Amino acid sequence: MRSLMIFVLAAVLAGAEDRLSVEQAVATGLAHHGAIEAGAEAKKAAGARIDKARGALLPQVTYREAWQRSDNQVFVFGSLLTQKQFKPANFDIGTLNDPGFLNNFQSQVVVDQSLYDNGRRKAQIRIAELGLDAAGQENRRAELYVISSVLRNYYSAVVAQASLQVAAEAVRSAEADMQRADAKRTAGLTTDADVLSIRVHVASMKERQIRLRYDVELARAALNQAMGVPLDTPYSLDTALTAASVPEGESRDAEVEALKERPELSQVRMAAEAGDQQVKAARAARLPEVFFHAGFEADRQRFVYRGGANWIVSAGVNWNVFNGFADRAGVKEAEHEAARVRAQARVVESATRLEVRRAWLDVQSAAQRIEVAQATVAMAEESLRIIKNRYEAGLVEVTELLRAETALLEARNRSLEAVRDQRLAAVSLEAARGKLTKDSDVVVR
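If you're wondering where the values come from, they're calculated on a predicted model, not measured in any experiment.

(A) The pattern of salt bridges, seen in detail. Applying the stated criterion across every chain yields a total of 34 salt bridges. Arg-340 is the salt-bridge partner of Glu-337, the closest N and O atoms lying 2.5 Å from each other. One end of the pair, Glu-337, and the other, Arg-340, are both in helix H10 (residues 326-392), 3 residues apart, so they sit about a helical turn from each other. Of the charged contacts in the structure, one is a salt bridge between Arg-403 and Glu-400, with a shortest N-O distance of 3.7 Å. Within this pair, Arg-403 and its partner Glu-400 are both found in helix H11 (residues 398-432), separated by 3 residues, close to a single helical turn.

(B) Region of the structure containing the environment of Ala-31. Structurally, Ala-31 can be placed in helix H2 (residues 22-32). For the pair Ala-31 and Val-229, spaced 198 residues apart in the sequence, the C-alpha separation amounts to 9.9 Å.

(C) Region of interest: the side chain of Gln-85. Within the secondary structure layout, Gln-85 lies in the loop between helix H4 (73-82) and helix H5 (93-97). Side-chain polar atoms of Gln-85 contact the backbone oxygen of Gln-83, separated by 3.2 Å. Gln-85 has contacts with Leu-80, Asn-90, Gln-301, Arg-306 and Gly-307, leaving out every residue within four places of it along the chain.

(D) How the structure looks around the packing of aromatic side chains. What the rule picks out here adds up to 6 aromatic pairs. Consider the rings of Phe-296 and Trp-311, whose centres lie 4.9 Å apart with planes at 55°: the pair is tilted. Of this pair, Phe-296 sits in strand E5 (residues 289-300) while Trp-311 sits in strand E6 (residues 307-318), placing them 15 residues apart in sequence. Ring geometry for Phe-322 and Phe-325: centres 5.1 Å apart, planes at 90°, overall edge-to-face. For Phe-322, a relative accessible area of 57% gives the class exposed. Judged by its relative accessible area of 52%, Phe-325 is exposed. Cluster of aromatic residues (ring-pair linked, three or more members): Phe-77, Phe-86 and Phe-91. The ring of Tyr-235 carries Arg-220 above its face, with NZ or CZ at 4.4 Å from the centroid. Stacked on the ring of Phe-303, the Lys or Arg Arg-300 has its end atom at 5.7 Å from the ring centre.

(E) Quick peek at the sheet that holds E6. Strand order in the open sheet made by the 4 strands is E2-E3-E5-E6, with antiparallel pairing throughout. Edge strands, defined here as strands with exactly one partner in the open sheet, are strand E2 (60-70) and E6. With direction set aside, neighbouring strand axes in the sheet form an average angle of 15°. Bridge count between strand E3 (residues 102-116) and E5: 11 bridges; the pairing is antiparallel. Across the sheet, the residue bridging to Val-111 is Ala-294, located in E5. This element, H4, spans E2, E3, E5 and E6 of the sheet and lies at about 70° to E3.

(F) Structural view of H4. Regarding H4, the residues found buried are Phe-75, Val-76, Ser-79 and Leu-80. With its buried residues spanning 125° around the axis, H4 presents them on a single face. Count one or two residues on from H4 and you reach Lys-84, which has phi positive near 60°.

(G) Quick peek at the environment of Ala-174. The topology assignment puts Ala-174 in helix H6 (residues 120-186). For Ala-174, the residues in contact, after removing those within four places along its chain, are Ile-198, His-201, Val-202, Met-205 and Glu-405.

Criteria and cut-off values
Residues numbered from 1 in each chain as written. Predicted model: local features only at pLDDT ≥ 70, side-chain atom pairs only at ≥ 80, totals over all residues. Heavy atoms only, no water. Salt bridge = Lys/Arg side-chain N within 4 Å of Asp/Glu carboxyl O. Helix = DSSP H or I, 4+ residues; strand = E, 2+ residues; numbered from the N terminus. Polar contact = N/O pair within 3.5 Å; in protein donor to acceptor, adjacent residues only side chain to side chain. Contact = heavy atoms within 4.5 Å. Phe/Tyr/Trp six-rings, centres within 6.5 Å; stacked < 30°, edge-to-face > 60°. Buried < 20%, exposed > 50% of the residue type's maximum accessible area, 1.4 Å probe, protein only. Lys NZ or Arg CZ within 6 Å of the ring centre and 35° of its normal. Pairing = 2+ DSSP bridges. Axes fitted to C-alpha atoms, helices over the stretch in contact; angles between N-to-C directions. Arc of directions from axis to C-beta.

Below, the structure is given as structure tokens:
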């Protein structure tokens, strides 16, 4: 008995785990989709670029270890001096002209520090910071894409399953019609032609059912891909397809909101500011830079002894007075690039307004389509009921009956598609406004 209870409990838990609500699907996509992971890594890389740019403000310390061996007169003379091993005998003319081979183990530590560069490095740091902000917006774009994709594929899978159920009902209804037609033919109330027409109709409905069965399989695989999980992952869709709430107000209000919230617009504005900083950096490169330099050097005849050390400290100015107009061209390039980005920002802004307006109108039109489609289904059902009664009474031909059944099937499918289109239009509007998150009304309601 205990083993049986454990088996039943495991089966219940397994069945519960297989159920997938739309909220769970969105959460799975945000947790597993590669676009989210790529965005997170891009943000980390942008943070590392900030550290790299800030590092240019700190002293640059270099350590160098080298070994040299030569009988060059100048090398030997200079090395003996830096090694502090020079003796009176080294002044001998023969020794000066023909010295023997000498080893020099040299250790150097050099420190360079920029004291003033006209704001060039600060501009580069600001560019890196803007890159981090832009990476964050890119991550937000990835979230919008993943959530929209999951919702689109989830409800498409729901519609595919519902369409399959409608097709199954149509098959059952057609088979019932065929049984009634067979009975009427046996009673001599109808002809073989009528029976054959219904059988052709049954075959057509079964063919539709087969096609929709594969559509369901493909839709479920597409949903798995949108969630970033293996294509064959099994689940049971747990959220019914219902119409979303129709937004109130005017589309212009949503457009203004989108101009503040859309990550694409934020990115292009950041790119424009980064372009201005590039201009500053390019102009600063043409001006003098003040620097500090310090160095320590140790020279030895042996690796660890018989040597001397010396220090050097200096400060100076670097000024690239002329380099073939390359710096001037660099400034012009940065200015034109900044102007290009500002022009692109206007294009993106206009496109965003149009996208919001289109989504707004899609929601409104889809809501009206739902009303028409639902009324059409009701009329098609009543029409089929009347025609069935008339067919039983021998008042209409079988073609009338088959036409009515086909009309009802198409009306039910259009009703499903209208609700799906309205729901997805609401998702598109929320995404166009830049407000789509896992907690949005189009996800949880």
